[in-house]
Amino acid sequence: MTSVTLGLLAEALGRDHWGAVVGWPELGAEAALELGVPLEHLALIPAPGPKWLDVVGALIDSLDLVVVRPSGRIGASTARRIAARARERGCVVMISLLGSQQWPESFDIEFLAADSRWVGLGRGSGTIGQRQLDIALAGRRVPTR
């Protein structure tokens, strides 16, 4: 899903918008650049510290798109405050969850990895050429078509 997130960032920020990624220390600027993310329009905050909610709030107040990878459990009231602030400011917030992490509120749109296939491998030989990923959409604001 990292590639999907970076692809969405590339599309959004390539249209002269500004964004940030918060709490994702493994995310490399080189990988983002390779997928077309204009780094001059992206702030990377790998470890926002204990005041991460204040950091996220400040970014929501000033940017068009904020990707958040929470490091721990998020309470329902915190999730509602983030969503309300983003709506008020006109900011898109993408939540990137790891493994069994859960978000306590429903999403407007949720991207789910439905199926994946590796391409390039033969029967016990060959090299990986690419990975194909099918994405399913869910949520309150998913288009019906």
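Right, let's walk through the structure included here.

Calculation rules
Residues numbered from 1 in each chain as written. Predicted model: local features only at pLDDT ≥ 70, side-chain atom pairs only at ≥ 80, totals over all residues. Heavy atoms only, no water. Buried < 20%, exposed > 50% of the residue type's maximum accessible area, 1.4 Å probe, protein only. Helix = DSSP H or I, 4+ residues; strand = E, 2+ residues; numbered from the N terminus. Right-handed = clockwise from strand over helix to strand, strands pointing away. Pairing = 2+ DSSP bridges. Contact = heavy atoms within 4.5 Å. Axes fitted to C-alpha atoms, helices over the stretch in contact; angles between N-to-C directions. Parallel < 35°, antiparallel > 145°, perpendicular 65-115°, else oblique. Left-handed = near helix turned anticlockwise from the far one by under 90°. Nonpolar A, V, L, I, M, F, W, Y, C, P; charged D, E, K, R; others polar.

1. Structural notes on the pairing of strand 1 (residues 19-22)
Working step 1: Side chains Gly 19 and Val 21 of strand 1 all project onto a buried face; the interleaved residues Ala 20 and Val 22 project onto the opposite face, where all are buried too.
Working step 2: The parallel pair strand 1 and strand 2 (residues 42-45), bridged by helix 2 (residues 29-34), forms a crossover whose chirality is right-handed.
Working step 3: By the bridge criterion, four bridges tie strand 1 to strand 3 (residues 65-68) in an arrangement that is parallel. Note that in strand 3 the partner of Val 22 across the bridge is Val 68.

2. Points about the side chain of His 41
Working step 1: Here His 41 shows up in the loop between helix 2 and strand 2.
Working step 2: When sequence neighbours within four positions are dropped, the list of residues in contact with His 41 reads Leu 13, Asp 16, His 17, Trp 18 and Gly 19.

3. A short note on the packing of helix 3 (residues 52-62) against helix 4 (residues 76-89)
Working step 1: It is at 9 Å that the axes of helix 3 and helix 4 come closest, and there the two elements cross at 15°. Of the possible angle classes, the one that applies to helix 3 and helix 4 is roughly parallel. Seen from above, helix 3 lies across helix 4 with right-handed handedness. Within the contact between the two elements, helix 3 uses Trp 52, Leu 53, Gly 57, Ala 58, Ile 60 and Asp 61 and helix 4 uses Thr 78, Arg 81, Ile 82, Arg 85, Ala 86 and Arg 89.
Working step 2: Residues belonging to the contact of helix 3 with helix 4 are distributed by class as follows: six nonpolar, two polar and four charged.

Keep in mind these numbers describe shape, not what the thing actually does.
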